[in-house]
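Okay, here's what each chain looks like letter by letter:
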Amino acid sequence: MWKLLMSINPEHVENILAGTKKFEFRKSKCKEQIESIVIYSTAPVMKVVAEVEVKDIIEDTPQTVWKRTSNAAGIDKSFFDSYYSGRDTAVAYVLGCVTQFDSPRNLTDYGVKAAPQSYVYIRSDISSCLQSGAN
């Protein structure tokens, strides 16, 4: 089983942590089976700040994905439409339990040298915050 380390804009990170954003949208689905997303908050934070359980992955047309996620998307329809403009497929990671770290972590703590453009896979045994709680 794998985890995804994702680069996410701080505004969206705050919405995930506040529980108002229950989906993380991407243009393509990861190929491996994953259990969680390790959240790297982009500039100005530039730290790994949390981990969130992935309960499911929705992959369908943008219209269908929006219908299924709009109640807790954490983004508005115009942002969604702009993001998926010209795309036939949309992907939404269904987010579950969030563990915010007491102390933000560095990418190097996960064996990652630079912030990923979208995401990178990390082994499940590298971070176990969902099992052990925030550090």
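Above this text sits the structure in question.
About the cut-offs
In this convention, every chain numbers its residues from 1, walking through the sequence in written order. Restriction of local features to residues with pLDDT of at least 70 applies here, the model being predicted, together with a cutoff of 80 or more for giving and counting side-chain atom pairs; totals for whole chains, interfaces and linings are based on all residues. Heavy atoms throughout the structure, all of them, feed into the side-chain values; hydrogens and water do not. For two strands to count as paired, DSSP must find a minimum of two bridges between them. Only DSSP runs of H or I with at least four residues qualify as helices, and only runs of E with at least two residues qualify as strands; both kinds are numbered from the N terminus onward. Convention adopted: a line fitted to C-alpha atoms gives each axis, helices being fitted over their contacting stretch, and angles between N-to-C directions are expressed from 0 to 180 degrees. In what follows, a contact means two residues having at least one pair of non-hydrogen atoms within 4.5 Å. Among the buried residues, those of types Ala, Val, Leu, Ile, Met, Phe, Trp, Tyr and Cys that are joined through side-chain atoms within 4.5 Å form a nonpolar core. For each residue, the accessible area found with a 1.4 Å probe, counting protein chains only, is set against the maximum for its type, and the residue is called buried under 20%, exposed over 50%, and partly exposed in between.

> Mind laying out the sheet that holds strand β1 (residues 2-8), listing which residues take part and the relevant values?
Taken in spatial order, the six strands make up an open sheet running β2-β5-β4-β3-β1-β6, and their pairing is mixed. Looking at strand neighbours, the two that pair on one side only are β2 (23-26) and β6 (119-123), the edges of this open sheet. Strand-to-strand twist in this sheet, taken as the mean axis angle between neighbours without regard to direction, amounts to 35 degrees. Here β2 runs beside strand β5 (residues 90-105); their pairing, made up of four bridges, is antiparallel. Paired with Phe23 across the bridge in β5 is Val94. Where helix α2 (residues 62-69) meets the sheet, it contacts β2, β4 (47-60) and β5, and its direction lies at approximately 115 degrees from that of β4.

> Requested: an account of the nonpolar core, with residues and values cited.
Counting residues in each nonpolar core, the largest one holds 16 residues, and the members touching the most others are Leu4, Ile37, Ile39 and Tyr93. For this core, the secondary-structure elements that each account for two or more residues are β1, α1 (10-18), β3 (34-41), β4 and β5. When sequence neighbours within four positions are dropped, the list of residues in contact with Ile37 reads Leu4, Met6, Glu24, Ala50, Glu51, Val52, Val54, Tyr93 and Leu95. Membership of the second largest hydrophobic core comes to 13 residues, among which are Phe23, Phe25, Val65 and Ala72.

Remember that the coordinates give geometry; whether it matters functionally is a separate question.
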